[in-house]
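Spelled out, the chains give:
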2 protein chains.
Amino acid sequence: MYPKSLQELIEHFRRLPGVGEKTAERYALSVTDMEELDVREFARALVNIKEKLTRCRICGNLSEAEECSICSDNSRNKKLIFVVQSAKDVLAMEKTNEYRGVYHVLNGLISSSKGKMPEDLNIEDLLKRAEDAEEVILATSTTMDGETTAMYLSKLLKEQCPEVLVTRIAHGLPSGGMLDYADEITLAHALSDRRRMG
Amino acid sequence: MYPKSLQELIEHFRRLPGVGEKTAERYALSVTDMEELDVREFARALVNIKEKLTRCRICGNLSEAEECSICSDNSRNKKLIFVVQSAKDVLAMEKTNEYRGVYHVLNGLISSSKGKMPEDLNIEDLLKRAEDAEEVILATSTTMDGETTAMYLSKLLKEQCPEVLVTRIAHGLPSGGMLDYADEITLAHALSDRRRMG
């Protein structure tokens, strides 16, 4: 019922994660109210993602250069590799300002429900990098797929790079968390991973 | 911290209504996973909105032709004008299949908080059209701005087109409700229960 060009834009917005019919309509209608220059720049920004953005050849992070800004930073400790499932996890960690090592982006998790196999992930490069590393920190989510992937990588690293220290990020109560609101699995982990104090 | 092209796309998504930082990041990252052809078509669809879509010269509805599909439909009753604030309200009403008149899109509401004055709206054309009409149905939202606009238009129409019957859609719509979020039955009731104004 909408004019064809509007209907087409609605369909494109619908492909974004979590966007339904009503939201896509709202987005498309808001575009009709934007300045032409802004809409052209929006369109250009979309195309730029495919034309300019690539994956860092070392760690797999999103980058416009062959090597991302972290891998090409000489002040970062290249012997410490923080393994995450996606580029947005790199950003989340960088925001803490606590980490001075480098990253490795798997680009997904091993998942039987999504049909993701180890060979679909950026694992081969990780094994090569791990040979020269001192520590590999497995920082996939604490979900079922995240744990499966961490277990798989841990086993593989032990076999192929026996020299490297393999660690897993702590699994416990979140900051500000209350015991009576935590689920059993979190509490069990918080207990078993307790550390000495003082 | 993200590569420049990704950061730029995030900022464009943030300008969409109701989109915050996290959501814009999710949208932009999902674009990195799309096929190049799909992204190019998405960009094309955005530009098409500005290149192909215009406003119907009669009613102000969104249209690709000079006159929208409703105004150029001879089976519609041109003596009955349903006045709405935006093009999406036209679609909402058309979905009821209850209305066989035509529309007039104001393109906004009189709003002191948003600094929208009567002269910013498509009112002059409405007055011209009302001269030949039998009835003008004021169907702005039942919000404060919507009521203000309806009152203003009712007064103006009484003065300038004393022959025309001016009605207001019934408060079948919940108070504070917006047309494009109402269900068809509510909208159909709001049409049939319209009352005379002034």
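Here the structure is a predicted model, which means the values were calculated and not measured.

**A look at the layout of surface pockets**
Stage number 1. One number sums up the size of the largest pocket: a volume of about 820 Å³.
Stage number 2. The biggest single contributor to the lining of the largest pocket is helix 2 (residues 21-32) of chain A, with four residues.
Stage number 3. Taken together, the residues of the lining of the largest pocket break down into nine nonpolar, nine polar and nine charged.
Stage number 4. In this model, the second largest pocket occupies a volume close to 500 Å³.
Stage number 5. A:Ser86, A:Lys88, A:Asn107, A:Gly108 and B:Asp33 are, among the 19 residues lining the second largest pocket, the residues nearest its centre.
Stage number 6. Sorting the residues of the lining of the second largest pocket by element identifies helix 4 (87-94) of chain A together with helix 2 (21-32) of chain B as the ones contributing at least two each.
Stage number 7. Broken down by element, the residue count for the lining of the second largest pocket peaks at four residues, all from helix 2 of chain B.
Stage number 8. Across the lining of the second largest pocket, the residue classes tally to five nonpolar, seven polar and seven charged.

**A few points about the nonpolar core**
Stage number 1. Counting residues in each nonpolar core, the largest one holds 48 residues, and the members touching the most others are A:Phe13, A:Leu46, B:Phe13 and B:Leu46.
Stage number 2. Elements that contribute at least two residues to this core include exactly helix 1 (4-14), helix 2, helix 3 (36-52) and helix 4 of chain A together with helix 1 (4-14), helix 2, helix 3 (36-52) and helix 4 (87-94) of chain B.
Stage number 3. With residues near it in sequence (within four places) discarded, B:Phe13 still touches A:Phe13, A:Leu16, A:Phe42, A:Leu46, B:Val19, B:Ala24, B:Tyr27, B:Ala28, B:Val31 and B:Phe42.

**A few points about the pattern of salt bridges**
A side chain of one charge can pair with a side chain of the opposite charge when the charged atoms of the two come close.
Stage number 1. For the coordinates displayed, the defined rule picks out 28 salt bridges over all chains.
Stage number 2. Two residues, B:Arg57 and B:Glu67, come together in a salt bridge whose shortest N-O distance is 2.6 Å. One end of the pair, B:Arg57, is in the loop between strand 1 (54-55) and strand 2 (62-63); the other, B:Glu67, is in the loop between strand 2 and strand 3 (77-84), with 10 residues separating them in the sequence.
Stage number 3. Salt bridges sharing partners connect three or more residues here, namely A:Glu36, A:Arg40, B:Arg44 and B:Glu51.

**As for the domain arrangement of chain A**
Stage number 1. Parsing chain A into structural domains produces domain 1 (4-52) and domain 2 (76-168).
Stage number 2. Taken over C-alpha atoms, the centre of domain 1 of chain A sits 34 Å from the centre of domain 2 of chain A.

**Thoughts on the interface of chain A and chain B**
Stage number 1. Between chain A and chain B, the contact holds 51 residues from the first and 52 residues from the second.
Stage number 2. The three residues of chain A that bury the most area against chain B are A:Arg26, A:Leu46 and A:Lys50, which together make up 13% of that side's buried surface.
Stage number 3. If you look at where chain A meets chain B, you find seven salt bridges.
Stage number 4. Its salt-bridge partner being B:Glu25, residue A:Lys95 comes within 4.0 Å of it at the nearest N-O pair.
Stage number 5. Applying the counting rule to chain A against chain B returns 10 residue pairs in polar contact (both at pLDDT 80 or more).

**Focus: the packing of aromatic side chains**
Stage number 1. Per the counting criterion, the structure on display carries 11 aromatic pairs over all chains.
Stage number 2. On the numbers, 5.5 Å between centres and 75 degrees between planes, the contact of A:Phe13 with A:Tyr27 is edge-to-face. With a gap of 14 residues between them, A:Phe13 in helix 1 and A:Tyr27 in helix 2 connect regions that are remote in the sequence. Take A:Phe13 and A:Tyr27: they sit in the same class, and that class is buried.
Stage number 3. On the numbers, 5.2 Å between centres and 50 degrees between planes, the contact of A:Phe82 with A:Tyr99 is tilted. With A:Phe82 in strand 3 (residues 77-84) and A:Tyr99 in the loop between helix 4 and strand 4 (101-105), this residue pair connects regions lying 17 residues apart in the sequence. You'll find A:Phe82 and A:Tyr99 in the same group, each marked buried.
Stage number 4. Chaining the aromatic ring pairs together yields one cluster made of A:Phe13, A:Tyr27, A:Phe42, B:Phe13, B:Tyr27 and B:Phe42.

**As for helix 6 (residues 144-160) of chain A**
Working note: α-helix, 3.6 residues per turn, so residues spaced by three or four point in the same direction.
Residue and element names in this part refer to chain A.
Stage number 1. The end-to-end C-alpha distance of helix 6, which contains 17 residues, comes to 24 Å, matching closely the 24 Å that a straight helix rising 1.5 Å per residue would cover.
Stage number 2. Regarding helix 6, the residues found buried are Gly146, Thr149, Ala150, Leu153, Leu156 and Leu157. All buried residues of helix 6 project into a common sector of 135 degrees when viewed along the axis, lining one side. Opposite the buried face of helix 6, by more than 90 degrees, sit the exposed residues Met144, Met151, Lys155 and Glu159.
Stage number 3. Considering only its buried residues, helix 6 is in contact with strand 3, helix 5 (124-130), strand 5 (135-138) and strand 6 (165-168).

**Looking at the sheet that holds strand 5 of chain A**
Residues and elements named next belong to chain A.
Stage number 1. Strand order in the open sheet made by the four strands is 4-3-5-6, with parallel pairing throughout. At either end of the open sheet lies a strand with only one pairing partner, and these are strand 4 and strand 6. The mean inter-strand angle of the sheet, taken between neighbouring strand axes irrespective of direction, is 25 degrees.
Stage number 2. Contacting strand 3 and strand 4, helix 4 crosses the sheet at an angle of about 155 degrees to strand 4.
Stage number 3. The sheet contacts of helix 6 involve strand 3, strand 5 and strand 6, and relative to strand 6 the element is tilted by about 170 degrees.

About the criteria used
- Residues numbered from 1 in each chain as written.
- Chains lettered and ligands numbered in written order.
- Predicted model: local features only at pLDDT ≥ 70, side-chain atom pairs only at ≥ 80, totals over all residues.
- Heavy atoms only, no water.
- 1 Å grid on protein atoms, 1.4 Å probe; cavity = no way out; pocket = protein on both sides within 12 Å on 5 of 7 lines; lining within 4 Å.
- Points joined across faces, edges and corners; volume = space filled by probe spheres on them.
- Helix = DSSP H or I, 4+ residues; strand = E, 2+ residues; numbered from the N terminus.
- Nonpolar A, V, L, I, M, F, W, Y, C, P; charged D, E, K, R; others polar.
- Core = buried A, V, L, I, M, F, W, Y, C linked by side-chain atoms within 4.5 Å.
- Buried < 20%, exposed > 50% of the residue type's maximum accessible area, 1.4 Å probe, protein only.
- Contact = heavy atoms within 4.5 Å.
- Salt bridge = Lys/Arg side-chain N within 4 Å of Asp/Glu carboxyl O.
- Domains from an automatic or database assignment.
- Buried area = accessible area lost by both parts, 1.4 Å probe.
- Polar contact = N/O pair within 3.5 Å; in protein donor to acceptor, adjacent residues only side chain to side chain.
- Phe/Tyr/Trp six-rings, centres within 6.5 Å; stacked < 30°, edge-to-face > 60°.
- Expected span 1.5 Å × (residues − 1).
- Arc of directions from axis to C-beta.
- Pairing = 2+ DSSP bridges.
- Axes fitted to C-alpha atoms, helices over the stretch in contact; angles between N-to-C directions.

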